[in-house]
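Below are the chains, spelled out letter by letter.
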Amino acid sequence: MADVIEVGAARGDAPPPAANAARRGASAGRTGRATPYLFLAPYLVLFGVFGLLPIILGLWLSVHQWDFQLPNRPFVGLDNYTELFSSDSAVYGDWWESVRATAIFTVLSVPLLVVVPLGLALLLNRSFPGRTFFRAIYFAPYVLGVAVIGLLWRFLLDANLGLVNRLLGVVGLPSDTPWVTNMPWAWISLVGVTVWWTSGFNAVIYLAGLQDISPELYEAARMDGANAWQRFRNVTVPGLRPVLLFVITTTVLASANMFGQSFLITQGAPGTETRTVVWFIVEEGLRDNDAGRAAAMSIVFALLLAVVSIANFRLFRYRED
Amino acid sequence: MTTPTPTTNGSASGLRRVVFYATLVALTLIFLTPLVWMVITSLKTYTAAQQIPPSWLPNPLAGYGYEQILNNSANPVLRWFLNSMVAATLHSLLVLVTASMAAYSLARLRFRGRGVTFALIVGTLFIPPTSLIIPNFLIVDQLNWIDTLAVVVVPGAASAFGVFFLRQFFLSLPNELEEAATLDGANQWQIFVKVVLPLSRPALATLAVLSFLTNWNDFLWPIFVLFSPEKLTLPPGLGLLQGSYVTDYPVIMAGAVLASLPVLILFVLAQRHIIQGVSRSGLKG
């Protein structure tokens, strides 16, 4: 397979012969028939093998009992799916616990990840010296990977040695909160860290949206005697609607796909209460060798997310009418 | 675009300015303190890091954390650093070459099946990549790529983002330059390499930086497809480091600093590209 990809790339690197042929053809600017496909070929090989094939393979896996250790992978129809919904199956409890964990995290984190970055963006959407500097600072945590921020916050939130409890102690608040091991602190920690980590990202998207709103609209609103809140409500919010839709949709998807934060910071604790769907799926498929069942879970999960995204789109489109 | 502060009544606007800057500074502390604390802790000795209450400055200033990392056969952090650097660079190049060629074809050439191909590629943007992890694992297993460099370089390059991003950019370029080149007898490959790519430098730089960052930070995929200590990239390696050093925070934080430095430097140098790339990806939605 590696060979195929290299051949594809090599073919693309050399001038496509068809292009030369076309040049010699009757009209200049005509493209050889094969040229567009040759340009596409290297990417399409990658896309076919790692973009399309997994979709088909996933569907196929989900109707088989597929164990890495066993030679036979019998067809089991919809068993992998029905198991997820029948309360007497072995996987039922853990699966729904992970769905619940994912739902809790999404519901708690999305509102904050939509509102806090909007506040940051409004703050930065003025002209003042140092604007680019502050924007960079607020965005900086986002360039770090989840492995770094996971290790860092596991340390900061450590009940005894962590900086968070120390600082709380200094200002006279309880300094022994079990941030990563007990409820509700574990959720507060995971949501808080995620807000700290990714707010800058959404803020930058909002900023671009804010700059697309014509200053004349604000001017006109001011002439009509609108105060700051009314200008926000009647100029900023409608102007940001497409950006808001984008931010909400991508944030819901990102939160629903959360994995690294709970894997590294709470390590699933307490018990397995903060083990998310993505975590459970990879654990089931790769650690417990049940790729068929894991594939079925992936598909159910993808469908759930699709429903949520579509609902989100409809909600916003109706509001626009 | 901006909301100018009214200048009419002096004292009120002065107060407002103080509140405004105080807010900015408070936020700066919130965003930066964790990162500063990471660096400070990485320069402490084990005992200093265990001290309660912790001191704000590393005293004595110690290379302990970094020494542990540099001479460590069980946790070859430098090797992971190198692996990550090579993987992210190759990944970024692979994305640039394949996505730019595909995007050029989709944006500037006419051919049968173009609409369908583009729809298929964009369609996959709506499938959460995490839901394809299990089948992708089987595919790389069949290719015998588990625990090799290829497994962290190649599969991610199938992402539709690069093609989509560059196609939008190529569509915005004026036709005239290409027409002139065609009249001069240039073929499509020459137009692509000599006209379109040089004009697209900002977009290409943005995509290169974003691809590098994504690959450098990837955690979920490498922890399941890389196993041997000498094959790991930094993110799964850091997980291993935490496992072996548990509460020996100077060592763990030294590892975190090492993993953060390249991307923070890249961010400082290419801030404009990263931020523009992110904001442009938002406007497309």
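If you're wondering where the values come from, they're calculated on a predicted model, not measured in any experiment.

What to know about the overall build of chain A
So, point 1. A tally of helices and strands in chain A yields 14 helices and 0 strands.
So, point 2. Along chain A, helices and strands appear, N-terminal first, in the series α-α-α-α-α-α-α-α-α-α-α-α-α-α.
So, point 3. In chain A, which comprises 321 residues, the share counted as buried stands at 40%.
So, point 4. Partitioning the contacts of chain A with sequence separation of at least 6, the portion at a separation of at least 24 is 64%.

Section: the overall build of chain B
So, point 1. When helices and strands are tallied, chain B shows 15 helices and 0 strands.
So, point 2. Within chain B, the proportion of its 285 residues that are buried is 45%.
So, point 3. Counting contacts in chain B only where the partners sit at least 6 residues apart, residues at least 24 apart contribute 71% of the total.

Remarks on the confidence of the model for chain B
All names here are of chain B.
So, point 1. Per-residue confidence for chain B gives a mean pLDDT of 89; residues scoring 70 or more make up 94%.
So, point 2. Here helix 15 (residues 271-283) is the element of chain B with the lowest mean pLDDT, 74, and helix 7 (residues 150-153) is the one with the highest, 97.
So, point 3. Confidence over residues 1-8 falls short of pLDDT 50; this stretch has 12 contacts with residues more than four positions distant or in other chains.
So, point 4. Scored as a whole, the predicted complex attains pTM 0.88, and scored at its interfaces, ipTM 0.90.

Considering the domain arrangement of chain B
Residues and elements named next belong to chain B.
So, point 1. The domain architecture assigned to chain B consists of domain 1 (10-68) and domain 2 (74-283).
So, point 2. Between the C-alpha centres of domain 1 and domain 2 there is a distance of 33 Å.
So, point 3. Across the boundary between the two partners, domain 1 contributes 12 residues, which contact 8 residues of domain 2.
So, point 4. Taken together, the residues of the side of domain 1 that touches domain 2 break down into 6 nonpolar, 5 polar and 1 charged.

A closer look at the environment of Lys44(B)
Residues and elements named next belong to chain B.
So, point 1. Looking at where Lys44 falls in the secondary structure, it is placed in the loop between helix 1 (10-42) and helix 2 (46-50).
So, point 2. Sequence-wise, Lys44 and Arg110 are 66 residues apart; in three dimensions their C-alpha atoms are separated by 62 Å.
So, point 3. Not counting residues within four places of it along the chain, the set of residues in contact with Lys44 comprises Ala49, Pro58, Ala62 and Pro250.

Observations regarding the packing of helix 13 (residues 234-245) of chain B against helix 14 (residues 249-269) of chain B
When two helices pack together, their arrangement is captured by the angle between the axes and the distance separating the axes.
Residue and element names in this part refer to chain B.
So, point 1. Contact geometry of helix 13 with helix 14 gives a least axis separation of 9 Å together with a crossing angle of 170°. Between helix 13 and helix 14, the crossing angle belongs to the class labelled roughly antiparallel. Between helix 13, through Leu234, Leu238, Leu241, Gln242 and Tyr245, and helix 14, the contact on the second element is made entirely by Val251, Ile252, Gly255, Ala256 and Ala259.

Points about the packing of helix 5 (residues 92-124) of chain A against helix 9 (residues 185-211) of chain A
Residues and elements named next belong to chain A.
So, point 1. Running from N to C, helix 5 and helix 9 cross one another at 40°; their axes reach a closest spacing of 6 Å. With respect to helix 9, the element helix 5 is oriented oblique. As for the relative orientation of helix 5 and helix 9, their crossing is right-handed in sense. Contacts between helix 5 and helix 9 involve Ile104, Phe105, Leu108, Ser109, Leu112, Leu113, Val116, Pro117, Leu118, Leu120, Ala121 and Leu124 on the former and, on the latter, Trp187, Leu190, Val191, Thr194, Val195, Thr198, Ser199, Asn202, Ala203, Tyr206, Leu207 and Leu210.
So, point 2. Its residues assigned to classes, the contact of helix 5 with helix 9 shows 19 nonpolar, 5 polar and no charged.

Comments concerning helix 13 of chain B
So, point 1. A rise of 1.5 Å per residue sets the reference length of helix 13 of chain B, with its 12 residues, at 16 Å; its end C-alpha atoms lie 16 Å apart and thus fit the reference within 8%.
So, point 2. Residues of helix 13 of chain B that are buried: Leu234(B), Pro235(B), Pro236(B), Gly237(B), Leu238(B), Leu241(B), Gln242(B) and Tyr245(B).
So, point 3. Those residues of helix 13 of chain B hidden inside the fold are in contact with helix 7 (146-156) of chain A together with helix 4 (77-108), helix 11 (201-217), helix 12 (220-225) and helix 14 of chain B.

Description of the confidence of the model for chain A
So, point 1. With 89% of its residues at a pLDDT of at least 70, chain A reaches an overall mean of 87.
So, point 2. Here residues 1-29 of chain A is modelled with pLDDT under 50, and outside its nearest four sequence neighbours on either side it reaches 51 contacts, counting other chains as well.

A few points about the nonpolar core
So, point 1. One finds Tyr206(A) and Ala256(B) to be the most contacted residues of the largest nonpolar core, which totals 150 residues.
So, point 2. If near-sequence neighbours (up to four positions away) are discounted, Ala256(B) is found in contact with Val148(A), Leu151(A), Leu152(A), Met38(B) and Leu238(B).

As for unusual backbone geometry
The phi torsion of most residues other than glycine is negative, and most of the peptide bonds are trans.
Residues and elements named next belong to chain A.
So, point 1. The omega torsion across Met183 and Pro184 is 0°, close enough to zero to call that bond cis.
So, point 2. Tracing the chain through its elements places Pro184 in the loop between helix 8 (163-170) and helix 9.
So, point 3. The omega torsion across Ala269 and Pro270 is -5°, close enough to zero to call that bond cis.
So, point 4. Mapped onto the elements of the fold, Pro270 is located in the loop between helix 12 (260-266) and helix 13 (277-287).
So, point 5. Look at Gln267: it is not a glycine, yet its phi comes out positive at around 50°.
So, point 6. Turning to its location among the elements, Gln267 is positioned in the loop between helix 12 and helix 13.
So, point 7. Assessed through the 16 C-beta atoms surrounding it within 10 Å, Gln267 is described here as partly exposed.

Considerations on the environment of Phe169(B)
Residues and elements named next belong to chain B.
So, point 1. Turning to its location among the elements, Phe169 is positioned in helix 8 (residues 161-171).
So, point 2. It is 7.0 Å that separates the C-alpha atoms of Phe169 and Ala203, two residues lying 34 residues apart in sequence.
So, point 3. Those residues in contact with Phe169 that sit more than four places away from it in its chain are Ser200 and Ala203.

How each quantity is defined
- Residues numbered from 1 in each chain as written.
- Chains lettered and ligands numbered in written order.
- Predicted model: local features only at pLDDT ≥ 70, side-chain atom pairs only at ≥ 80, totals over all residues.
- Helix = DSSP H or I, 4+ residues; strand = E, 2+ residues; numbered from the N terminus.
- Buried ≥ 20, exposed ≤ 12 C-beta atoms within 10 Å, placed from the backbone.
- Contact = placed C-beta atoms within 7 Å.
- pLDDT = per-residue confidence, 0-100.
- Domains from an automatic or database assignment.
- Nonpolar A, V, L, I, M, F, W, Y, C, P; charged D, E, K, R; others polar.
- Axes fitted to C-alpha atoms, helices over the stretch in contact; angles between N-to-C directions.
- Parallel < 35°, antiparallel > 145°, perpendicular 65-115°, else oblique.
- Left-handed = near helix turned anticlockwise from the far one by under 90°.
- Expected span 1.5 Å × (residues − 1).
- Core = buried A, V, L, I, M, F, W, Y, C linked by C-beta atoms within 7 Å.

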